[in-house]
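# Structural features, examined
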Amino acid sequence: MLGDSTGYEINKLFEDGLFSHFLDASYGSIYPALTRLTEQGMLTCTAEAQDGRPDKKVYSLTDRGKEALREALMSPVSPDKHRSEFIFASIFAAMLPGQRVTELVDAQLANCREDLARIEDALASDIDCSSKRFVLGYGQVVMKASIEYLEKHRQDIEAAASPETAPDGAGIPA
């Protein structure tokens, strides 16, 4: 629906593009899906010649594919799942020295600020689609709230840290 794309371009949308904060996909799932959807008549594939390299395969959504996407979007959506290595590590803050917990919080703040800057750059560009503006605005609010929470409450998680590493698991919540 976003235009003709190669598998590489689709992967980039999941790695650091429009879909990077919402869904996970890799070449290992994208290319088999492209093959299956082409076989089912939901995509067409055009080979474009490249100098000194194999042909580039460009995929286009067919009318049948557009209808299948509409039907899929009409299905109930699952509740959001927040997957975060930072949150996981924070659960075990009592096992970590204070310096490590501080490093984790600093890194998370830096990541949130980078995400916020990317979102705000995108919002500053000429967005001709109200749904994209909505999604970016939603992301902006989430990132601002995350930054505010981390800045305001970092002392709580830092206080949970062990003065020394506790390899025996002491202080880990059950």
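What you see is a predicted model, and the numbers here were worked out from it, not measured in a lab.

## Things to note about the overall build of the protein
Each helix and strand counted, the protein has 6 helices and 2 strands in total. Counting helices and strands in the order they occur from the N terminus, the protein gives α-α-β-β-α-α-α-α. Taking the principal axes of its C-alpha atoms as reference, the protein extends roughly 60 × 40 × 35 Å. A buried classification covers 25% of the 174 residues belonging to the protein. Long-range contacts, defined as pairs at least 24 residues apart, comprise 51% of the intrachain contacts of the protein with a sequence gap of at least 6. A total of about 12500 Å² of accessible surface is found on the protein, and carbon and sulfur atoms cover 56% of it. In the protein, which carries 18 positive and 28 negative side-chain charges, the distance between the mean positions of the two groups comes to 4 Å.

## Description of the packing of helix α1 (residues 7-15) against helix α2 (residues 27-39)
Packing of α1 against α2 brings their axes to within 10 Å, and their N-to-C directions diverge by 135 degrees. The orientation of α1 relative to α2 falls into the category oblique. The handedness of the crossing between α1 and α2 comes out as right-handed. Contacts from G7, Y8, I10, N11 and F14 of α1 reach α2 at Y27, I30, Y31 and L34. Of the residues in the contact of α1 with α2, the class split is 7 nonpolar, 2 polar and no charged.

## What about a nonpolar patch on the surface?
Taken together, the side chains of M1, L69 and L73 make up a nonpolar region of the molecular surface, amounting to roughly 330 Å² of accessible area. Here L69 lies in helix α3 (residues 63-74).

## Observations concerning the pairing of strand β1 (residues 43-50)
Relative to strand β2 (residues 53-61), β1 runs antiparallel, the two sharing 7 bridges. By the bridge assignment, L43 is partnered in β2 with L61.

The rules behind each value
Residues numbered from 1 in each chain as written. Predicted model: local features only at pLDDT ≥ 70, side-chain atom pairs only at ≥ 80, totals over all residues. Heavy atoms only, no water. Helix = DSSP H or I, 4+ residues; strand = E, 2+ residues; numbered from the N terminus. Buried < 20%, exposed > 50% of the residue type's maximum accessible area, 1.4 Å probe, protein only. Contact = heavy atoms within 4.5 Å. Areas by Shrake-Rupley, 256 points an atom, 1.4 Å probe, with all protein chains shown as cover. Lys, Arg positive; Asp, Glu negative; His and termini not counted. Charge placed at Lys NZ, Arg CZ, Asp CG, Glu CD. Axes fitted to C-alpha atoms, helices over the stretch in contact; angles between N-to-C directions. Parallel < 35°, antiparallel > 145°, perpendicular 65-115°, else oblique. Left-handed = near helix turned anticlockwise from the far one by under 90°. Nonpolar A, V, L, I, M, F, W, Y, C, P; charged D, E, K, R; others polar. Patch = residues over 30% accessible without salt bridge, like charges linked within 9 Å, V, L, I, M, F, W, Y side chains within 5 Å. Salt bridge = Lys/Arg side-chain N within 4 Å of Asp/Glu carboxyl O. Pairing = 2+ DSSP bridges.

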